[in-house]
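Coordinates in review
So you can see what is in the structure, the chains are spelled out below.
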Amino acid sequence: MSSNIIMLVLVVSMIFAGCSSKEKNEYTITERVVASDFVLEVTTPTVLGTGEALKVKGTLKYTGIKPVEVFHGKPIIRFSFSGSNEERSYMDIGYFTEFKSGQVVEVEDEFMVTKRGKQNLFVDMTGDILLTMNPIEIRVN
């Protein structure tokens, strides 16, 4: 009898865990842009509520064979979000990074969501790397 109750509790908790993680992933997307020997991926939620934090992650990967030196600002991937009153003051001082084959740079940022409706997440690259990503639409309830 007690093993049946334990089994029932385990099954019910697994069902709830499966539903909640699936629902969360349903509104998360990854956009990708490829140019020359670089791949930029941005992962972000697309549906949020006001007062929540928009957490975004950008990944830049070098796919070339020979090492290449890149001049850039810091951070190399920059985000701005129309649904927030927050402004970023990025450092535009020059940095050089030598990218080797397979090297990955990750940049994460977070914005407090303050505006409702359709908003846009903008992604910008600095320096020698020219990657253009269309704005990512985010719905704020």
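Our structure is the block above this text.
These lines cover the structure that appears in this document, whether it is placed above or below.

About the criteria used
- Residues numbered from 1 in each chain as written.
- Predicted model: local features only at pLDDT ≥ 70, side-chain atom pairs only at ≥ 80, totals over all residues.
- Heavy atoms only, no water.
- Helix = DSSP H or I, 4+ residues; strand = E, 2+ residues; numbered from the N terminus.
- Buried < 20%, exposed > 50% of the residue type's maximum accessible area, 1.4 Å probe, protein only.
- Contact = heavy atoms within 4.5 Å.
- Areas by Shrake-Rupley, 256 points an atom, 1.4 Å probe, with all protein chains shown as cover.
- Pairing = 2+ DSSP bridges.
- Axes fitted to C-alpha atoms, helices over the stretch in contact; angles between N-to-C directions.
- Phe/Tyr/Trp six-rings, centres within 6.5 Å; stacked < 30°, edge-to-face > 60°.
- Lys NZ or Arg CZ within 6 Å of the ring centre and 35° of its normal.

Right, let's talk about the overall build of the protein for a bit. A tally of regular secondary structure across the protein gives one helix and ten strands. The helix and strand sequence of the protein, counted from the amino end, reads α-β-β-β-β-β-β-β-β-β-β. Evaluated residue by residue, the protein yields a buried proportion of 31% over its 141 residues. If you take every contact in the protein between residues at least 6 apart in sequence, the share linking residues at least 24 apart comes to 67%. For the protein, the computed accessible surface area is about 9200 Å², with 55% contributed by carbon and sulfur atoms.

Here we come to the pairing of strand E10 (residues 136-140). Residues Ile136, Ile138 and Val140 of E10 are buried on one face, while the alternating residues Glu137 and Arg139, pointing to the opposite face, are not. Summarising the sheet, strand E3 (residues 47-48) and E10 pair through two bridges and their orientation is parallel. Note that in E10 the partner of Val47 across the bridge is Arg139. Sheet analysis places strand E9 (residues 117-125) next to E10, joined by five bridges and oriented antiparallel. Bridge pairing in E10 links Asn120 to Glu137.

By the secondary structure assignment, Pro45 is in strand E2 (residues 38-45). As for Pro45 and Tyr27, which are separated by 18 residues in sequence, their C-alpha atoms are 5.5 Å apart. Excluding residues within four positions of it along the chain, Pro45 makes contact with Tyr27, Thr28, Leu54, Lys55 and Ile138.

With that settled, the discussion passes to the sheet that holds strand E4 (residues 53-62). In space, the four strands of this open sheet follow the order E1-E2-E4-E8, with antiparallel pairing throughout. The open sheet terminates on both sides in strands that have one partner only, identified here as strand E1 (28-35) and strand E8 (104-112). Mean inter-strand twist for the sheet, computed between neighbouring axes without regard to direction, equals 15°. Both E1 and E2 contribute to a ladder of eight bridges, which runs antiparallel. What sits directly across from Val34, in E2, is Val39.

Now for the packing of aromatic side chains. Enumeration over the complete set of coordinates arrives at five aromatic pairs. Relative to Phe99, the ring of Tyr62 has its centre 6.4 Å away and its plane inclined at 55°; by these criteria the two rings are tilted. With Tyr62 in strand E4 and Phe99 in strand E7 (residues 91-99), this residue pair connects regions lying 37 residues apart in the sequence. One aromatic cluster is present, built from ring pairs that chain together Phe38, Tyr62 and Phe99. Over the ring of Tyr95 we find Lys74; its NZ or CZ atom is 5.2 Å from the centre of that ring.

Okay, unusual backbone geometry next. A cis amide bond links Lys74 with the next residue in sequence, Pro75, at an omega value of 0°. Examined against the element boundaries, Pro75 turns out to sit in the loop between strand E5 (68-74) and strand E6 (77-81). Even without being glycine, Ser36 reaches a positive phi, approximately 55°. Looking at Ser36, the relative accessible area reads 69%, which means it is exposed.

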